[in-house]
Amino acid sequence: MAEKLPIAVLISGTGRTLKNLLDRIEAGSLDVEVRLVVSSSERALGLQYAEQNNIPIAIVKSSEFIGKDDDDSKAKFSAAVFDACRKADVQYVAMAGYLKLLAIPDDFVEKVLNIHPSLLPKFGGKGLYGRRVHHAVLTAKETISGATVHFVNDEFDAGPIILQKTVEVLPNDTIESLSDRVLERAEFEAYPEALQAIAENRVEVVTIDGQRRVKVIEKKD
Ligand code: GRF
């Protein structure tokens, strides 16, 4: 088996994304070791999965870093998150239902991933998260939606895209039915696939026409 890729997972909420990653690791299909779970709240339900798996937890709350200057608070809050990641000696950081915008330090540029429940660049950006994304997709009468795994840069949902998976939007879909389908059929497949590609050294980021773009090298059988 390939050496396991050490990662930290960042959560804010229910932790279904974290649980899915831990299930894949347990099943032997994801060569990743979750060395740390960082939560933006001590009340995040997802912390239960870290506890059940004896994974160290760091609670880093943005409210503890409020200063006079917004940029300064964000920098200090981000530094606290990444200090915890460095101490845990992780190579990559996976945001999983994490709702804070972080300033990515130089040593973590293109090492922080997120998953978004739409086909970016559509239906992304500040304020578009959770149910709001699916509401926007239904309002726009899209027939296809899905999930996008991307590297995180300093803007919401704007970093280089690693991979996308699509699902159908059905005529009688509600926010709940669409959100469940995107989570189970797109997100739960796309995130482990992207992390496994990184674990297998098959992900490269290159500059094309001044834009950072991801190349995922296909797995050889
Ligand atoms: C999903 O919509 C995912 O796209 C987004 O967070 C939601 C899942 O949250 N990034 P969680 O993993 O259940 O906390």
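*Asks:* Would you mind going over the overall build of the protein chain with me for this structure?
*Replies:* Broken down by element type, the protein chain carries five helices and nine strands. Along the chain direction, N to C, the helices and strands of the protein chain fall in the order β-α-β-α-β-α-β-β-α-β-β-α-β-β. Against the globule reference of 17 Å for 221 residues, the protein chain gives a C-alpha radius of gyration of 17 Å, in line with a compact fold. Referenced to the eigenvectors of the C-alpha coordinate spread, the extents of the protein chain come out at roughly 50 × 45 × 45 Å.

*Asks:* Explanation requested: the domain arrangement of the protein chain in the structure shown.
*Replies:* Interface size is commonly expressed as the accessible surface area that is lost when the partners come together. Considered domain by domain, the protein chain is made up of domain 1 (1–108) and domain 2 (116–221). Using only C-alpha atoms to locate each centre, domain 1 and domain 2 end up separated by 19 Å. Residue-level contacts link 19 residues of domain 1 with 16 residues of domain 2. Buried area between domain 1 and domain 2, summed over both chains or domains, comes out near 1,700 Å², and the portion from carbon and sulfur atoms is 68%. Of all residues in domain 1, Arg-16, Arg-24 and Leu-101 bury the most surface against domain 2, accounting for 25% of the area lost on that side. At the surface where domain 1 touches domain 2, the tally comes to one salt bridge. For Arg-24, the salt bridge is made with Glu-189, and the minimal N-O distance between the two is 3.0 Å.

*Asks:* How should I be thinking about helix α1 (residues 16–27) in this particular structure?
*Replies:* Along an α-helix, a turn takes 3.6 residues, which lines up residues three or four apart on a common side. An ideal rise of 1.5 Å per residue puts 16 Å on twelve residues; α1 measures up with 16 Å between its terminal C-alpha atoms. Within α1, the full set of buried residues consists of Thr-17, Leu-18, Asn-20, Leu-21, Leu-22 and Ile-25. Buried residues along α1 sit in contact with β1 (5–11), β2 (32–39), α2 (47–52), β5 (112–116) and α5 (175–199). Just past α1, the residue Gly-28 takes up positive phi, approximately 85 degrees.

*Asks:* Would you mind going over the packing of α1 against α5 with me for this structure?
*Replies:* Think of two packed helices as two axes; the pair is described by the angle between the axes and how far apart they sit. At a minimum axis distance of 10 Å, the contact between α1 and α5 shows a crossing angle of 55 degrees. Compared by their axis directions, α1 and α5 come out oblique. Judged by the twist between their axes, the crossing of α1 over α5 is right-handed. Listed contacts from α5 to Arg-16, Thr-17, Asn-20, Leu-21 and Arg-24 of α1 are Leu-183, Phe-188, Glu-189, Tyr-191, Pro-192 and Leu-195. For the contact of α1 with α5, a count of residues per class yields six nonpolar, two polar and three charged.

*Asks:* Mind showing me how you'd approach the sheet that holds strand β3 (residues 57–59) here?
*Replies:* Within a sheet, neighbouring strands are paired by backbone hydrogen bonds and run either parallel or antiparallel to one another. The strand order across the open sheet built from seven strands is β3-β2-β1-β4-β5-β6-β7, with neighbouring strands paired in mixed fashion. Looking along the sheet, the strands with just one partner apiece sit at the ends: β3 and β7 (161–168). Adjacent strand axes in the sheet meet at a mean angle of 20 degrees when their direction is disregarded. For β1 and β2, the ladder comprises seven bridges, and the chain directions are parallel.

*Asks:* Honestly, the packing of helix α4 (residues 131–139) against α5 in this entry has me stumped. Any pointers?
*Replies:* The geometry of α4 relative to α5 is characterised by a closest axis approach of 9 Å and an angle of 110 degrees between their N-to-C directions. In terms of their interaxial angle, α4 and α5 are classed as roughly perpendicular. Along the contact surface, α4 presents Arg-131, His-134, His-135, Val-137 and Leu-138, while α5 presents Ile-175, Glu-176, Leu-178, Ser-179 and Val-182. When grouped by side-chain class, the residues that make up the contact of α4 with α5 number five nonpolar, three polar and two charged.

*Asks:* Can you help me understand the pairing of β1 in this one?
*Replies:* Along any regular strand the residues' side chains alternate between the sheet's two faces. Taking burial as the measure, the seven residues of β1 include seven buried ones, the bulk of the element. Here β1 shows two buried faces, one formed by Leu-5, Ile-7, Val-9 and Ile-11 and the other by Pro-6, Ala-8 and Leu-10. Read from β1 through α1 to β2, the crossover connection turns out right-handed. With four bridges joining them, β1 and strand β4 (residues 92–95) adopt parallel strand pairing. Its bridge partner lying in β4, Leu-10 is registered against Met-95.

Criteria and cut-off values
- Residues numbered from 1 in each chain as written.
- Predicted model: local features only at pLDDT ≥ 70, side-chain atom pairs only at ≥ 80, totals over all residues.
- Heavy atoms only, no water.
- Helix = DSSP H or I, 4+ residues; strand = E, 2+ residues; numbered from the N terminus.
- Rg over C-alpha atoms; globule rule 2.2 N^0.38 Å.
- Domains from an automatic or database assignment.
- Contact = heavy atoms within 4.5 Å.
- Buried area = accessible area lost by both parts, 1.4 Å probe.
- Salt bridge = Lys/Arg side-chain N within 4 Å of Asp/Glu carboxyl O.
- Expected span 1.5 Å × (residues − 1).
- Buried < 20%, exposed > 50% of the residue type's maximum accessible area, 1.4 Å probe, protein only.
- Axes fitted to C-alpha atoms, helices over the stretch in contact; angles between N-to-C directions.
- Parallel < 35°, antiparallel > 145°, perpendicular 65-115°, else oblique.
- Left-handed = near helix turned anticlockwise from the far one by under 90°.
- Nonpolar A, V, L, I, M, F, W, Y, C, P; charged D, E, K, R; others polar.
- Pairing = 2+ DSSP bridges.
- Right-handed = clockwise from strand over helix to strand, strands pointing away.

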